[in-house]
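Coordinates in review
Residue strings, one per chain:
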Amino acid sequence: MTLIDLRSDTVTQPTPEMRQAMAAAEVGDDVYGEDPTVNRLQDLAAEATGKQAALFVPSGAMGNLAALLTHCQRGDEAILGDLSHPYIYETAGLAALGGIQPRTLPNQADGRLRLDDIRQAIRPDDVHFPISRLIALENTHNRCNGAALSAAYTAEVGQLARQHGLLLHIDGARIFNAATALGASVAELVAPADSVTFCLSKALCAPVGSVLCGSADFIRQARRIRKQLGGGMRQAGILAAAGIIALQVMSQRLGEDHARAARLAAGLAELPALRVHPPQTNIVRFQLAEDAHLPAEQIVAGLAAEGIRIGHGAYMGFRAVTHYWIDDAAVDKTLAAFRRILA
Ligand code: TLP
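Everything quoted here is computed from the prediction, not taken from an experiment. (Residues numbered from 1 in each chain as written. Predicted model: local features only at pLDDT ≥ 70, side-chain atom pairs only at ≥ 80, totals over all residues. Heavy atoms only, no water.)

This part takes up the domain arrangement of the protein. According to the domain assignment, the protein consists of domain 1 (14-251) and domain 2 (253-342). At the junction of the two partners, domain 1 supplies 22 residues and domain 2 supplies 16 residues. Linking domain 1 with domain 2 are zero salt bridges, by the criterion used here. Taken together, domain 1 and domain 2 are joined by six residue pairs in polar contact (both at pLDDT 80 or more). Grouping the constituent residues of the side of domain 1 that touches domain 2 by class yields twelve nonpolar, eight polar and two charged. (Domains from an automatic or database assignment. Contact = heavy atoms within 4.5 Å. Salt bridge = Lys/Arg side-chain N within 4 Å of Asp/Glu carboxyl O. Polar contact = N/O pair within 3.5 Å; in protein donor to acceptor, adjacent residues only side chain to side chain. Nonpolar A, V, L, I, M, F, W, Y, C, P; charged D, E, K, R; others polar.)

Structure below.
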């Protein structure tokens with residue numbers, strides 16, 4: 001039975017082209033800055049995001065953490081969404097390792113933070129208060145149904161940040177999905193940001209790795225923080241080789257995943273037992289209707305028995321994420337299984 005794994009796009013495996021490139025990659029010691037393949041990936045990432053420089057990091061979580069630790073001092077405050085990935089899913093790294101206080105604001109259903117909320121959260125200069133140092137956005141927004149933030153909205157947040165002397169970081173784990181959905185370039189979407197991370201190992205299929213991008217000076221400092229976090233890798237060109245294909249090739253095909261997510265969502269929405277959020281990108285979230293007769297665990301188990309895995313959690317409801325390894329037949333099979341289980 002071929003497994004249909006919709007739990008996340010992190011489950012994607014490297015493509016055959018990636019495996020070949022990995023085997024053939026030219027490598028060196030990246031802690032010395034001498035891995036030519038890592039250097040090439042970093043140059044390409046800087047170019048794609050329109051930033052001066054980039055740093056290859058082992059994970060999205062380390063990219064966000066290195067950015068926050070570079071931008072903020074201990075006791076500073078970072079303004080971010082109450083559904084944001086660094087706040088919910090990164091084991092409080094910013095507080096535990098950076099002494100950074102998260103100031104959370106309600107994420108709107110479309111992933112935005114309200115400008116008025118941000119304005120009110122920025123601390124005045126007062127000896128009692130922490131220093132508001134940074135605003136963090138997430139694009140696409142994982143918990144907000146993969147919603148994409150527009151360039152216009154991000155520009156408004158950037159302007160607000162600059163007016164008050166704050167920095168702007170974007171967790172762009174899936175920024176290429178946002179660019180695809182909005183018909184915009186990644187550089188446009190992150191232009192107002194001082195730093196951005198994006199992941200090679202999610203929808204883009206690389207086995208490992210994310211990239212942190214920003215000014216040359218910021219990246220020089222972040223490189224030191226990466227080392228402090230134990231993220232200085234040696235012959236990492238083996239991984240970066242897959243990352244280059246992720247960036248150049250796989251980033252071009254994400255529209256297919258979005259179309260399949262839309263078809264999956266439309267099919268699920270026909271089932272009276274489910275309440276489905278129409279997806280903008282590759283993340284389909286849904287809940288059980290109040291009068292549904294089956295518990296969620298039984299649905300997950302019923303799907304698993306047919307070789308289909310989806311995400312489910314007490315607070316998040318169901319999540320199904322489309323990606324390179326989910327084809328049209330997988331969508332059809334998943335819909336058929338749901339119809340059978342919920343009949
Ligand atoms: N998200 C994972 C889980 O951690 C929830 C997933 O399956 O979606 N930013 C965003 C917006 C993310 O969605 C993720 C991963 C990360 C950062 C962290 O990336 P990694 O897993 O590489 O540390």
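To continue, consider the nonpolar core. Burial of nonpolar side chains together is a common tendency in soluble globular proteins. Membership of the largest hydrophobic core comes to 56 residues, with the highest contact counts inside it found for Phe56, Ile118, Phe198 and Val211. The leading source of residues in this core is helix α11 (residues 237-248), at seven residues. Non-local contacts of Phe198, meaning those with residues more than four positions away in its chain, are made with Ala45, Thr49, Gly172, Ala173, Ile175, Phe176, Ser210, Val211, Cys213 and Leu247. With 28 residues, the next largest nonpolar core counts Leu6, Leu264, Ala273 and Leu294 among its residues. (Core = buried A, V, L, I, M, F, W, Y, C linked by side-chain atoms within 4.5 Å. Buried < 20%, exposed > 50% of the residue type's maximum accessible area, 1.4 Å probe, protein only. Helix = DSSP H or I, 4+ residues; strand = E, 2+ residues; numbered from the N terminus.)

What follows concerns the pairing of strand β5 (residues 132-138). Among the seven residues of β5, six are classified as buried, and the element is accordingly described as predominantly covered. Inspection of the sheet shows strand β3 (residues 77-81) paired to β5 by three bridges, in the parallel sense. Among the inter-strand pairings, Glu77 is bridged to a residue of β5, identified as Ser132. Crossover β5 to strand β6 (residues 167-171) through helix α7 (residues 151-163) is right-handed. (Pairing = 2+ DSSP bridges. Right-handed = clockwise from strand over helix to strand, strands pointing away.)

The local shell around the ligand holds 15 residues, among which Ser8, Gly60, His85, Asp171 and Arg319 are the closest. Contacts to the ligand include Ala61, whose backbone N or O atom sits 2.9 Å from an oxygen atom. In the environment of the ligand, an oxygen atom lies 2.9 Å from a nitrogen or oxygen atom belonging to the side chain of Asn142. Computed on the free molecule, the ligand has an accessible area of 510 Å², of which 82% lies beneath the protein chains in the complex. Looking at the shell around the ligand, the element that brings in the most residues is helix α3 (residues 60-71), giving three residues. Of the residues belonging to the shell around the ligand, the class tally is two nonpolar, seven polar and six charged. (Near = heavy atom within 4 Å. Areas by Shrake-Rupley, 256 points an atom, 1.4 Å probe, with all protein chains shown as cover.)

With that settled, consider helix α12 (residues 254-269). Here α12 spans 23 Å end to end across 16 residues, near enough to the 22 Å set by a 1.5 Å rise per residue. Here the buried face of α12 lies against α8 (175-182), β9 (274-276), β10 (283-288), β13 (317-321) and α14 (328-341). (Expected span 1.5 Å × (residues − 1).)

Taking strand neighbours across the sheet as the criterion, the seven strands line up as β2-β8-β7-β6-β5-β3-β4 in an open arrangement whose pairing is mixed. Taken across any chain shown, the strands that pair with only one partner, and hence form the sheet edges, are β2 (53-57) and β4 (101-105). Taken pair by pair, the neighbouring strands of this sheet meet at an average axis angle of 20 degrees, ignoring direction. Across the sheet, α3 touches β2, β3, β5, β6, β7 (195-199) and β8 (210-214), and the angle it forms with β7 is around 170 degrees. (Axes fitted to C-alpha atoms, helices over the stretch in contact; angles between N-to-C directions.)

Another point: the confidence of the model for the protein. Low pLDDT means the predicted atomic positions in that stretch should not be read closely. On average, the protein scores 97 in pLDDT, and the residues at 70 or more come to 100%. The spread of mean pLDDT over the elements of the protein runs between strand β12 (residues 311-313), the lowest at 93, and β6, the highest at 99. (pLDDT = per-residue confidence, 0-100.)

Turning our attention to the packing of helix α2 (residues 36-49) against α11. Orientation of α2 relative to α11, taken along the N-to-C sense of each, is 30 degrees, at an axis distance of 8 Å. Here α2 lies roughly parallel to α11, going by the angle between them. Of the two possible hands of crossing, α2 and α11 adopt the one that is left-handed. Where α2 abuts α11, its residues Thr37, Val38, Arg40, Leu41, Leu44, Ala45 and Ala48 lie against Gly237, Ala240, Ala241, Gly243, Ile244, Leu247 and Gln248. Partitioned by chemical class, the residues of the contact of α2 with α11 number nine nonpolar, four polar and one charged. (Parallel < 35°, antiparallel > 145°, perpendicular 65-115°, else oblique. Left-handed = near helix turned anticlockwise from the far one by under 90°.)

Where charged atoms from two side chains of opposite charge come close, those side chains can pair. As enumerated under the stated definition, the model contains 18 salt bridges in all. Here Arg253 ties to Glu256 by a salt bridge, and the two come within 3.6 Å at their closest N and O atoms. Looking at Glu256, the relative accessible area reads 41%, which means it is partly exposed. Here Glu256 ties to Arg260 by a salt bridge, and the two come within 3.6 Å at their closest N and O atoms. Placement of both Glu256 and Arg260 in helix α12 is noted, with a separation of four residues, approximately one turn of the helix. A cluster of three or more residues bridged by salt bridges with shared partners is formed by Arg253, Glu256, Asp257, Arg260, Arg263, Asp328 and Asp332.

Relative to the helices and strands, Phe218 is located in helix α10 (residues 216-228). You can call Phe218 buried: its relative accessible area is 7%. In sequence terms Phe218 and Ala54 are 164 residues apart; their C-alpha atoms lie 9.3 Å from each other. What Phe218 contacts, discounting residues up to four positions off in sequence, is Ala67, Thr70, His71, Ser195, Leu212 and Cys213.

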